[in-house]
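Descriptive analysis of the structure
Residues per chain, in single letters:
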Amino acid sequence: MAAKIIANLLVAGGTVLFRAASQAYRQAIVNGTRAGMTAEGVQQAAKSAKQLTLREAEMILGVESGSSWQDVMKKYEHLMQANEKNGSFYLQSKVYSSYSNLQSKVYRAKERLEQEFQEQGLPTDGPEGGQQQQQQSGGQ
């Protein structure tokens, strides 16, 4: 008899809890649409909150805004080795995220510049390529 009463109480309590949760969810959707939030806007806000900014990545790696890529690589390798010895996975992940963020932004900027140069009919190999071509043609 007592087991039956406890089972009924659990079922009734679960039903009340489920109804309250579903009603709160529906109200949250209504409030969000009234405030102008869309599902895409929420997803975009969540995505941008997870990404590091360029400045944050530079601060984590300890490089200045105009640093060369070699300086960034040296700092990255040093920090990864130092954190590998001390066993801090969290710091390693922050360093890697910063490096990856800088690398992707630099790579995308380079691709954009190369595409613009190609559209304008300009050479895309940069100053190093031009020097190599001069050395090759001067030596022949």
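Keep in mind it's a predicted model, so treat the numbers as computed, not measured. (Residues numbered from 1 in each chain as written. Predicted model: local features only at pLDDT ≥ 70, side-chain atom pairs only at ≥ 80, totals over all residues. Heavy atoms only, no water.)

Here the focus is the pattern of salt bridges. If the charged atoms of two oppositely charged side chains come close together, the side chains can form a pair. Considering all chains together, one arrives at 1 salt bridge under this definition. Linking arginine 55 and glutamate 58 is a salt bridge whose minimum nitrogen-to-oxygen distance equals 3.5 Å. Of this pair, arginine 55 and glutamate 58 both sit in helix α3 (residues 54-61), 3 residues apart, which is roughly one turn of that helix. Here arginine 55 falls in the partly exposed class, since its relative accessible area comes to 48%. (Salt bridge = Lys/Arg side-chain N within 4 Å of Asp/Glu carboxyl O. Helix = DSSP H or I, 4+ residues; strand = E, 2+ residues; numbered from the N terminus. Buried < 20%, exposed > 50% of the residue type's maximum accessible area, 1.4 Å probe, protein only.)

Structurally, serine 98 can be placed in helix α5 (residues 89-120). Classification of serine 98 by relative accessible area gives buried; the value is 0%. Separated by 2.9 Å, the side chain of serine 98 and the backbone oxygen of lysine 94 make a polar contact. Those residues in contact with serine 98 that lie beyond four places of it in its chain are Leu52, Ala57, Ile60 and Leu61. (Polar contact = N/O pair within 3.5 Å; in protein donor to acceptor, adjacent residues only side chain to side chain. Contact = heavy atoms within 4.5 Å.)

Residues Met1, Ile5 and Leu9 make up a contiguous nonpolar surface patch of about 390 Å² in total accessible area. Relative to the helices and strands, methionine 1 resides in the segment before α1 (2-34). Since its relative accessible area comes to 80%, methionine 1 is described here as exposed. (Patch = residues over 30% accessible without salt bridge, like charges linked within 9 Å, V, L, I, M, F, W, Y side chains within 5 Å. Areas by Shrake-Rupley, 256 points an atom, 1.4 Å probe, with all protein chains shown as cover.)

Let us look at the UniProt feature "signal peptide" (unreviewed entry) in the chain. Cross-referencing UniProt, the feature "signal peptide" (unreviewed entry) maps to residues 1-24 in the present numbering. For residues 1-24, helix accounts for 96% and strand for 0%, while the C-alpha atoms at its two ends are 35 Å apart. (UniProt positions renumbered as here; feature names shortened; annotations may be inferred.)

Attention shifts here to the packing of aromatic side chains. Across all of its chains, the model carries 2 aromatic pairs by this definition. Aromatic side chains tyrosine 76 and tyrosine 99 sit 4.0 Å apart centroid to centroid with 15° between the ring planes, which places their arrangement in the stacked category. Here tyrosine 99 lies in helix α5 and tyrosine 76 lies in helix α4 (residues 69-86), a separation of 23 residues in the sequence. Both residues of the pair, tyrosine 76 and tyrosine 99, belong to the buried class. The structure contains a cluster of three or more aromatic residues connected by ring pairs, namely Trp69, Tyr76 and Tyr99. (Phe/Tyr/Trp six-rings, centres within 6.5 Å; stacked < 30°, edge-to-face > 60°.)

It is worth spelling out α4 at this point. In this model α4 runs 26 Å from its N-terminal to its C-terminal C-alpha over 18 residues, within 8% of the 26 Å that 1.5 Å per residue would give. Listed as buried for α4 are Val72, Tyr76, Met80 and Asn83. Considered in projection along α4, the buried side chains sweep an arc of 75° and stay on one side of the axis. Exposed side of α4, more than 90 degrees from the buried face: Gln70, Lys74, His78, Lys85 and Asn86 are the residues found there. (Expected span 1.5 Å × (residues − 1). Arc of directions from axis to C-beta.)

Most often, soluble globular proteins have nonpolar side chains that are buried together. Among the nonpolar cores identified, the biggest contains 9 residues, and these are Ala57, Leu61, Val63, Val72, Tyr76, Met80, Val95, Tyr99 and Leu102. Listed by contribution, the elements that provide at least two residues to this core are α3, α4 and α5. Among residues more than four places away in sequence, those in contact with valine 95 are Ile60, Leu61, Tyr76, Leu79, Met80 and Asn83. (Core = buried A, V, L, I, M, F, W, Y, C linked by side-chain atoms within 4.5 Å.)

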